[in-house]
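Listed below, chain by chain, are the residues.
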Amino acid sequence: IEVPYTVTNATAQTVVDVYCGSELGYKVSADKITFTPKTVEIDAQALVFADSKTGLTSIVKLVFESEKFEIEDTPYSGDVDYLVEDADASVEVNVVSNIEFEVKPQVSWIKYIQTKAQSYKVCLSVEDNTAAEPRTGSVNIVRKGTENVIQTIVIGQKPKDPCTNLSKKGTANCYIVPSAGQYKFAAVKGNSSESVGSVASVDVIWETWNNREDVTKGSIIASAEPDGEYIKFSTPETYHTGNALIAAKDASGAILWSWHIWATDKTIQGTDCGYAGEALVMNYNLGAIDELGTTGSLGLQYQWGRKDPFIGGGDVGHSDPATISGTAMSTTTDRLSEETAIQNPTLFYIVGDNGKDWYAGDAFDRWSTTKTVNDPCPAGWRVAHYSDNTIFKVASVTFDPDLFIFTVDGKASFPVSGTLYYESGKFDKNDSIYHFGDDYNTTTPNGWRVRRDKGTGSLTAVRKASGGALRCVVDTTAE
């Protein structure tokens, strides 16, 4: 502890010295006294005096009071204070100091962000570890304006995980895979943190290329398996765009939950279509893999309130569905319970004696203005709200008969995505666009969706058993 001093009217005979107990060491130099406490926790006093040797003496008493600090967390190990992930890592570290200090990382891949002075917490960012081995780096806390180290903090970083964690920034029922590689996501019910249960195996239910070509098995998902609290899968080395459905199963083979894997190399982003309620609309139909005017732009089909997709059209302007590899869609006239829908993601309800709604329970909140566990959109997106000024508010519609594209209000364009007919489950091109919204008709078992016929647009209540395309919007309720 350095204590600077000056002596007024000093003479050549003036002596500066210290009287203190053995708990303090000290050294007097021309302009400062350096005290060295013998222990970390010390309470002591010292008398500093200046003697002129001519009868003048000045004495100053110094009081040293120890301040007790408690580290809020224990070190990760004997060698590492804090351990961080391999990518997108940041950490708050506890600093033990009662003096002004500076933060000096000793490696280039650790960056200082800020100090939270009230709690003596230092925020650090850590660059991605692209190596296959773990690494450590230190950060020195030094007395401000000096190189005197008062604390050294060791940061450890995990090695690069060969599997990209798709759920790191949010769980969902749909995950986008932009390129070939190994991937994983948390084995939880979509848009939540609730575990699906004990996963014994993982199965690829179906794969599609979104067209009428014969689909090669394993062309979208080469392998899939449980990996602790995650579902792990890999694509073939040769990446193929398309869609797939992965299911986690228990020991008896029953499906616990299923997730839509959207393999697209397109940039999925929000576009400002001028709608006040939902400014950003997804630039592709959910499940689309190609630009407007092509078969790949049609995307997939959904019954209102269900999380799992069904196969959409296989060609622009035609009523033939896309081909698949795997379990084909089947139909039933018995309304589905929640459990039946989860265990049978390829079972499509068609209207029988039980009415127009596929769901046997109260389906009013399956999709909502905030993202529900059944919302089929990727993380950061949700089903559009029908009553906002969104894609459901149509002032004018133009139609391109060659490309089968509708343009709404001169701002947003949509392919003729067709529908899965509620009475048969068959795909129908229908020369229309159907997009479901999150709300429902309170007087009938119908969901609201927009239907755009050639030259017109309307908001209609249609049977929840119908299949329709989805155009997600940015989830403004997400943190």
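Before reading on, note that the structure itself is shown above.
Definitions and cut-offs
- Residues numbered from 1 in each chain as written.
- Predicted model: local features only at pLDDT ≥ 70, side-chain atom pairs only at ≥ 80, totals over all residues.
- Heavy atoms only, no water.
- Pairing = 2+ DSSP bridges.
- Helix = DSSP H or I, 4+ residues; strand = E, 2+ residues; numbered from the N terminus.
- Axes fitted to C-alpha atoms, helices over the stretch in contact; angles between N-to-C directions.
- Disulfide = S-S within 2.5 Å.
- Buried < 20%, exposed > 50% of the residue type's maximum accessible area, 1.4 Å probe, protein only.
- Phe/Tyr/Trp six-rings, centres within 6.5 Å; stacked < 30°, edge-to-face > 60°.
- Lys NZ or Arg CZ within 6 Å of the ring centre and 35° of its normal.
- Contact = heavy atoms within 4.5 Å.

Caption draft 1: Representation of the sheet that holds strand β2 (residues 15-20) in the model. Read from one edge to the other, the open sheet built from 3 strands follows the order β2-β5-β6, with strand pairing classed as antiparallel. Each edge of the open sheet is held by one strand with a lone partner, namely β2 and β6 (57-64). Here the strands of the sheet are splayed against their neighbours by 20 degrees on average, with no regard to which way each runs.

Caption draft 2: Molecular detail of the state of the cysteines. Evaluation of the coordinates by the stated rule reveals 1 disulfide. The disulfide that involves cysteine 377 links it to cysteine 472, with 2.3 Å between the sulfurs. Note on the cysteine 377 and cysteine 472 pair: the S-S dihedral is about -95 degrees, so by sign convention the disulfide is left-handed. Taken together, the residues cysteine 377 in the loop between β27 (347-349) and β28 (381-382) and cysteine 472 in the loop between β37 (467-468) and β38 (473-474) connect sequence positions 95 residues apart. Each member of the pair cysteine 377 and cysteine 472 is classed as buried. No disulfide involves cysteine 174; its nearest neighbouring cysteine sulfur is the one of cysteine 472, lying 7.5 Å away.

Caption draft 3: Quick peek at the packing of aromatic side chains. For the structure shown, the criterion picks out 9 aromatic pairs. Taken together, a centroid distance of 5.1 Å and an interplanar angle of 85 degrees make the contact between phenylalanine 310 and phenylalanine 348 edge-to-face. Separated by 38 residues along the polypeptide, phenylalanine 310 in the loop between β24 (302-303) and β25 (324-326) and phenylalanine 348 in strand β27 bring together distant segments of the chain. By way of ring pairs, the aromatic residues Tyr175, Tyr183, Phe185, Phe233 and Trp259 are connected into one cluster. Above the ring of tryptophan 358, the side-chain terminus of arginine 306 is found at 5.1 Å from the ring centroid. Taking the ring centre of tryptophan 304 as reference, the NZ or CZ of lysine 464 above it sits at 4.4 Å.

Caption draft 4: Expanded view of the environment of leucine 245. By secondary structure assignment, the location of leucine 245 is in strand β20 (residues 242-249). Along the sequence, leucine 245 and serine 258 sit 13 residues apart, while their C-alpha atoms lie 6.6 Å from each other. Apart from residues no more than four positions distant in its own chain, leucine 245 is found in contact with Asp203, Val204, Ile205, Trp206, Ser258, Trp259, His260, Asp308, Pro309 and Pro345.

Caption draft 5: Local environment of the sheet that holds strand β19 (residues 230-234). Taken together, 4 strands build an open sheet; the order of strands is β14-β16-β19-β18 and the sheet is mixed. Strand pairing shows two members of the sheet lacking a second neighbour, β14 (163-165) and β18 (223-227), which therefore form its edges. Strand-to-strand twist of the sheet, defined as the mean angle between neighbouring strand axes without regard to direction, takes the value 25 degrees. Pairing geometry for β14 and strand β16 (residues 182-186), over 3 bridges, is parallel. Residue pairing for β16: cysteine 163 is matched across the bridge by glutamine 182.

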